[in-house]
Amino acid sequence: MARSGGRDLRTSVTLNPPAHPEELPAGPLGIEVLGVRHLYDGVPILDGVTFDVQPMESVAIVGPTGVGKSTLAQLLVRLADPEQGKVLVAGVDVRDADPAALRRDVSIVFQESFLFATTVRENIALDADAAEADVVRSAMIASADRFIRELPQGYDTVVGERGYTLSGGQRQRVALARALVRAPRVLILDDATSSVDPTIEADILAALRRELSTTLIVVAYRLSTIRLADRVIFLEDGVVKATGPHEDLLAREPGYAAIIHAYERSERGER
Ligand SMILES: Nc1ncnc2c1ncn2[C@@H]1O[C@H](COP(=O)(O)OP(=O)(O)OP(=O)(O)O)[C@@H](O)[C@H]1O
Ligand SMILES: [Mg+2]
């Protein structure tokens, strides 16, 4: 399936730091999106998007290509600010949240992540001074530990430029482990496991839910992924067209059913 992807809000906006940064409260975090409108070049992409995600809930965001799923995901972590409306994390407007707290607690993983020309261990630990046990545990949840151990020097194998070349799915799993090592309280996956084999992807999502006390938001393109979520948020024409359990939406939302059937066909290898 063709996806627009690629373009990144991070380079295109300057965000005002909060005058009085607020800390996020302890415990699992919920998210509220209230009347969010976002434009590119004067054209509204999202226009009145409202939904919430409960602490510890796991939701799948589903919608046609170009509808604004990645844009929405990036607004949740304040890589950009919406034109109108707001995003609250545990009741705190992300524009008022302490940026360091937000970065630590609300983590996003994209389809493509940069790997540094250093060891796998350092790529996972990054600037967090993560203990070895946390690096390994994160890699295990990301279904990466086994293949990492099979690399020429295991966790000490140098990857990236001039290093060992990992496959797309392996890179994605290292990037996921990197996000997990910081123990985020909200984890957003935007197509972050698309190159991973579907059965491994299902293992990863099950492990995330079992091992972490994390609110999980997955931009989902596979039926197997969608089924693992507590609830689906279906975006169409710039708004949340419907939300509810997958089976309910399938029965009552023709636009949703059409997308699901297209995913089923592509998973069976048909066009
Ligand atoms: N930085 C940008 N500047 C201008 N237009 C953009 C930018 N980023 C995205 N768009 C456009 O906004 C719309 C929404 O893009 P977005 O990437 O959020 O969609 P998506 O739902 O994630 O799509 P996909 O399923 O293909 O990943 C698309 O029409 C896209 O071309
Ligand atoms: Mg996208």
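Residues numbered from 1 in each chain as written. Chains lettered and ligands numbered in written order. Predicted model: local features only at pLDDT ≥ 70, side-chain atom pairs only at ≥ 80, totals over all residues. Heavy atoms only, no water.

## Things to note about the pattern of salt bridges
Here's step 1: One pass over the structure, following the stated rule, counts 14 salt bridges.
Here's step 2: The salt bridge partner of R37 is D47, with a shortest N-O separation of 2.9 Å. Note that R37 is positioned in strand β1 (residues 31–40) and D47 in strand β2 (residues 43–53), a separation of ten residues in sequence.
Here's step 3: Taking the relative accessible area as the measure of exposure, D47 reaches 35% and is therefore partly exposed.
Here's step 4: Put simply, R95 and D93 hold a salt bridge, and the shortest N to O gap is 3.2 Å.
Here's step 5: Its relative accessible area of 28% is what places R95 among the partly exposed residues. (Salt bridge = Lys/Arg side-chain N within 4 Å of Asp/Glu carboxyl O. Helix = DSSP H or I, 4+ residues; strand = E, 2+ residues; numbered from the N terminus. Buried < 20%, exposed > 50% of the residue type's maximum accessible area, 1.4 Å probe, protein only.)

## Regarding the environment of L102
Here's step 1: If you trace the backbone, L102 turns up in helix α2 (residues 99–105).
Here's step 2: When the C-alpha positions of L102 and V218 are compared, they lie 18 Å apart, and in sequence the two are 116 residues distant.
Here's step 3: Contact partners of L102, with chain neighbours within four places excluded, come to L24, V77, R78, V89, V94 and A97. (Contact = heavy atoms within 4.5 Å.)

## Description of empty space enclosed by the protein
Here's step 1: Enumeration over the complete set of coordinates arrives at two cavities of 30 Å³ or more.
Here's step 2: Taken together, S58, V59, A60, L205, R209, L216, V218, T225, L228 and A229 make up the full set of residues lining the largest cavity.
Here's step 3: Of all elements in the fold, only β3 (58–62), α7 (198–211), β8 (215–219) and α8 (223–228) reach the threshold of two or more residues within the lining of the largest cavity.
Here's step 4: A per-element tally of the lining of the largest cavity places β3 first, with three residues.
Here's step 5: Taken as a whole, the second largest cavity spans an internal volume of roughly 30 Å³.
Here's step 6: Considering only residue class, the lining of the second largest cavity consists of four nonpolar, one polar and one charged. (1 Å grid on protein atoms, 1.4 Å probe; cavity = no way out; pocket = protein on both sides within 12 Å on 5 of 7 lines; lining within 4 Å. Points joined across faces, edges and corners; volume = space filled by probe spheres on them. Nonpolar A, V, L, I, M, F, W, Y, C, P; charged D, E, K, R; others polar.)

## So, the confidence of the model for the protein
Here's step 1: Residues at a pLDDT of 70 or more form 94% of the protein, whose mean pLDDT is 92.
Here's step 2: Note on residues 1–12: pLDDT under 50 across the span, and 18 contacts to partners over four residues away in sequence or across chains. (pLDDT = per-residue confidence, 0-100.)

## Some thoughts on a nonpolar patch on the surface
Here's step 1: A contiguous nonpolar surface patch, about 280 Å² in accessible area, is contributed by F114, F116 and L126.
Here's step 2: With respect to the element layout, F114 can be found in the loop between β6 (106–109) and α3 (120–125). (Patch = residues over 30% accessible without salt bridge, like charges linked within 9 Å, V, L, I, M, F, W, Y side chains within 5 Å. Areas by Shrake-Rupley, 256 points an atom, 1.4 Å probe, with all protein chains shown as cover.)

## Examining the nonpolar core
Here's step 1: Membership of the largest hydrophobic core comes to 84 residues, with the highest contact counts inside it found for I124, I148, L187, I188, L189, L208 and I217.
Here's step 2: No other element matches helix α6 (residues 168–180), which puts six residues into this core.
Here's step 3: Apart from the residues within four sequence positions on either side, I148 is in contact with V120, I124, A139, G154 and Y155. (Core = buried A, V, L, I, M, F, W, Y, C linked by side-chain atoms within 4.5 Å.)

## Quick look at the pairing of strand β10 (residues 239–244)
Here's step 1: Pairing analysis gives five bridges linking strand β9 (residues 231–236) to β10, with the strands arranged antiparallel. Counterpart to F234 in the pairing with β10 is A242.
Here's step 2: The turn joining β9 and β10, which pair antiparallel and follow one another in sequence, is formed by two residues; a positive phi near 50° is taken by D237. (Pairing = 2+ DSSP bridges.)

## So, the environment of R231
Here's step 1: Relative to the elements of secondary structure, R231 occurs in strand β9.
Here's step 2: Separated by 70 residues in the primary sequence, R231 and E161 have C-alpha atoms spaced 40 Å apart.
Here's step 3: Those residues in contact with R231 that sit more than four places away from it in its chain are D52, V53, E57, S58, V59, A60, T243 and G244.

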